[in-house]
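Here are the chains, one letter per residue:
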Amino acid sequence: MGNRIKSILGEFGLNSGADKKAVWATELGYSDVMYGYTQEQVAAYLMRTLMLNEMYGFFDRVYFYCLYNEGSNPSESEHNFGLLNTWKNVSTPLSAKPAYLATAFYNKIIQDAKFIGTAPEISAVSGNKLYTAEFADNTRNIKVIWNTESGRNSERMTSESFSLSLKTTYIYDMYGNLIEKCENKSSVTLTIGRGPIY
């Protein structure tokens, strides 16, 4: 959608130079209603959306809808888009949901790193489609990988081996939990699901 909008702006000379117009996604989100996505799925899909936006440049800015749940009814879709739980009629107002934790870690680890490449690939082990994104700044090289074969009602996990070229490599889940610190290892095997691994 973002590329289509940019294409239309280009037709009118508004996609470059002094007249360039920014394209913003202002209400991006997933509701974790009782019969919809789980809170973990929402976190994974939001992070994947941010990375795909970096990879393909759909939008100049992305804003999640919304910061906190607008109500406390678990079966009402509009009450459950928040990164935080509601403050209304709950024992712990504005408590963090998985999507908030994943967003906080994404912002912390990516910071000012620039997207430098990607490689959608088919796993030789499982046949699943994996996405990798690579970001870098002056001191860090960050690789992110996730499995696109996981659907809404099932998660297809795959174990994959990856070559390591650095003396020390840190591997984190999408919430910032350290999975493994690899020192002087030439490879590592990871279980890849819908949630990005850094």
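Residues numbered from 1 in each chain as written. Predicted model: local features only at pLDDT ≥ 70, side-chain atom pairs only at ≥ 80, totals over all residues. Heavy atoms only, no water.

Caption draft 1: Geometry of the nonpolar core. Of all hydrophobic cores here, the largest spans 25 residues; its most connected members are Phe135, Ile142 and Tyr198. Secondary-structure elements contributing two or more residues to this core are helix H2 (39-56), helix H3 (98-110), strand S5 (129-136) and strand S6 (141-147). Take this core: its biggest share by element is 8 residues, from H2. Setting aside chain neighbours within four positions, we find Phe135 in contact with Met51, Glu54, Ile110, Ala113, Lys114, Phe115, Ile116, Arg140, Asn141, Ile142 and Val144. Residues Leu164, Cys182, Val188 and Ile197 belong to the second largest nonpolar core, which totals 9 residues. (Core = buried A, V, L, I, M, F, W, Y, C linked by side-chain atoms within 4.5 Å. Buried < 20%, exposed > 50% of the residue type's maximum accessible area, 1.4 Å probe, protein only. Helix = DSSP H or I, 4+ residues; strand = E, 2+ residues; numbered from the N terminus. Contact = heavy atoms within 4.5 Å.)

Caption draft 2: Expanded view of the packing of H2 against H3. In contact at an axis separation of 7 Å, H2 and H3 are set at 30° when each is read in the N-to-C sense. With respect to H3, the element H2 is oriented roughly parallel. For the crossing formed where H2 meets H3, the hand is right-handed. Across the interface between the two elements, Gln39, Glu40, Val42, Ala43, Leu46, Met47, Leu50, Met51 and Glu54 of H2 pack against Pro98, Ala99, Ala102, Thr103 and Tyr106 of H3. The residue inventory of the contact of H2 with H3, partitioned by class, reads 10 nonpolar, 2 polar and 2 charged. (Axes fitted to C-alpha atoms, helices over the stretch in contact; angles between N-to-C directions. Parallel < 35°, antiparallel > 145°, perpendicular 65-115°, else oblique. Left-handed = near helix turned anticlockwise from the far one by under 90°. Nonpolar A, V, L, I, M, F, W, Y, C, P; charged D, E, K, R; others polar.)

Caption draft 3: Spotlight on the pattern of salt bridges. Counted by the stated rule, this structure contains 4 salt bridges. For Lys97, the salt bridge goes to Asp32, with nearest N and O atoms at 2.7 Å. Of this pair, Lys97 sits in the loop between strand S2 (61-64) and H3 while Asp32 sits in the loop between strand S1 (24-28) and H2, placing them 65 residues apart in sequence. The buried category is assigned to Lys97, whose relative accessible area is 2%. The class of Asp32 is buried, set by a relative accessible area of 10%. Residue Arg140 pairs with Asp137 through a salt bridge whose shortest N-O separation is 2.8 Å. Taking the relative accessible area as the measure of exposure, Arg140 reaches 25% and is therefore partly exposed. (Salt bridge = Lys/Arg side-chain N within 4 Å of Asp/Glu carboxyl O.)

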